[in-house]
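The chain contents come next:
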Amino acid sequence: MKNTDYFGVVSNRFNKSEEFQIGSFDVKSYYEEQFKVKWLATKLKIFSFVAHVNEIDADDITNYSSSCVDYALNNYKGLPRGLQTGLVAFNVLISENVSDKAIEVAVSRPKKRFAAFEIPIIYDLSKEKAYYYTKTPMWGAIYYKYFREYIQKNFIA
């Protein structure tokens, strides 16, 4: 699959997008909010970022994901995080060349943050396969089933 095809598929799943640069990455960004009573009546602010690079190594996915969540935290609006509101950043990095070390980073447990979730995702265009954390940690357990469904619905081509 070509990167332009992947961007087209993902863009069709969202209402609107923005394009800008985060660090050295040209990013397509999507934003929405969800409220669910089963999340203890919290509102989740959902930031999604997608970027293409020629190849992905462990440092690329780590730096990209960290930069994306920092952007989301700095551009977050509304009640302070933790007061019936939280944030998740789905950080999708796509490429035709993905290192095994990068995959290890993507499938490992994401960093813990207060009322914010950093979800690094790698989409290997050559294999048409996504790599991300598929388990449910104790921290934020009420959200992780939704996170996995969201990834499947929006980022798997």
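Undergrad: Please provide a residue-by-residue account of helix α1 (residues 3–11), values included.
TA: If you check which residues of α1 are buried, you get Y6, F7 and V10. Viewed end-on, α1 has its buried residues packed into an arc of 100 degrees, placing them on one side of the element. Turning to α1, the residues buried within the fold contact β2 (25–36), β3 (42–52), β4 (85–95), β6 (116–124) and α4 (141–155).

Undergrad: Provide a residue-level description of the pairing of β6, including the pertinent values.
TA: When you tally the buried positions in β6, you get nine out of nine residues, the bulk of the element. Here β6 shows no split at all, with A116, E118, P120, I122 and D124 on one side and F117, I119, I121 and Y123 on the other all buried. Looking at chain direction, β4 and β6 are connected through nine bridges and run parallel. By the bridge assignment for β6, V88 is matched with F117. Here strand β5 (residues 112–113) runs beside β6; their pairing, made up of two bridges, is antiparallel. Within β6, the position partnered with R113 by the bridge is A116.

Undergrad: Give me the lowdown on helix α3 (residues 100–107), citing residues and values where you can.
TA: All buried positions along α3 are accounted for by A102, I103 and A106. Buried residues of α3, viewed axially, fall in a sector of 100 degrees; they line one side. Of the exposed residues in α3, those oriented more than 90 degrees away from the buried face are D100 and K101. Against α2 (58–75), β6 and β7 (129–131) lie the buried residues of α3.

Undergrad: Could you give an account of the packing of aromatic side chains, naming the residues involved and the relevant values?
TA: Enumeration according to the criterion identifies 22 aromatic pairs in this entry. A centroid spacing of 4.9 Å and a plane angle of 65 degrees characterise the contact between F25 and Y64, whose relative ring orientation is edge-to-face. Taken together, the residues F25 in strand β2 and Y64 in helix α2 connect sequence positions 39 residues apart. Ring centres 4.9 Å apart and planes at 75 degrees place the aromatic pair W39 and Y146 in the edge-to-face group. Residue W39 is found in the loop between β2 and β3, and its partner Y146 is found in helix α4; the two are separated by 107 residues along the sequence. Y146 carries the same exposure label as W39, and that label is buried. An aromatic cluster of at least three residues, connected via ring pairs, comprises F14, Y30, W39, F90, F117, Y133, Y143, Y144, Y146, F147, Y150 and F155. When the ring centre of W39 is taken as origin, the NZ or CZ atom of K36, which lies over that ring, is 5.8 Å away. The ring of Y76 has K45 sitting right over it, with the charged end atom 5.5 Å from the ring centre.

Reading the values: the criteria
Residues numbered from 1 in each chain as written. Predicted model: local features only at pLDDT ≥ 70, side-chain atom pairs only at ≥ 80, totals over all residues. Heavy atoms only, no water. Buried < 20%, exposed > 50% of the residue type's maximum accessible area, 1.4 Å probe, protein only. Helix = DSSP H or I, 4+ residues; strand = E, 2+ residues; numbered from the N terminus. Arc of directions from axis to C-beta. Contact = heavy atoms within 4.5 Å. Pairing = 2+ DSSP bridges. Phe/Tyr/Trp six-rings, centres within 6.5 Å; stacked < 30°, edge-to-face > 60°. Lys NZ or Arg CZ within 6 Å of the ring centre and 35° of its normal.

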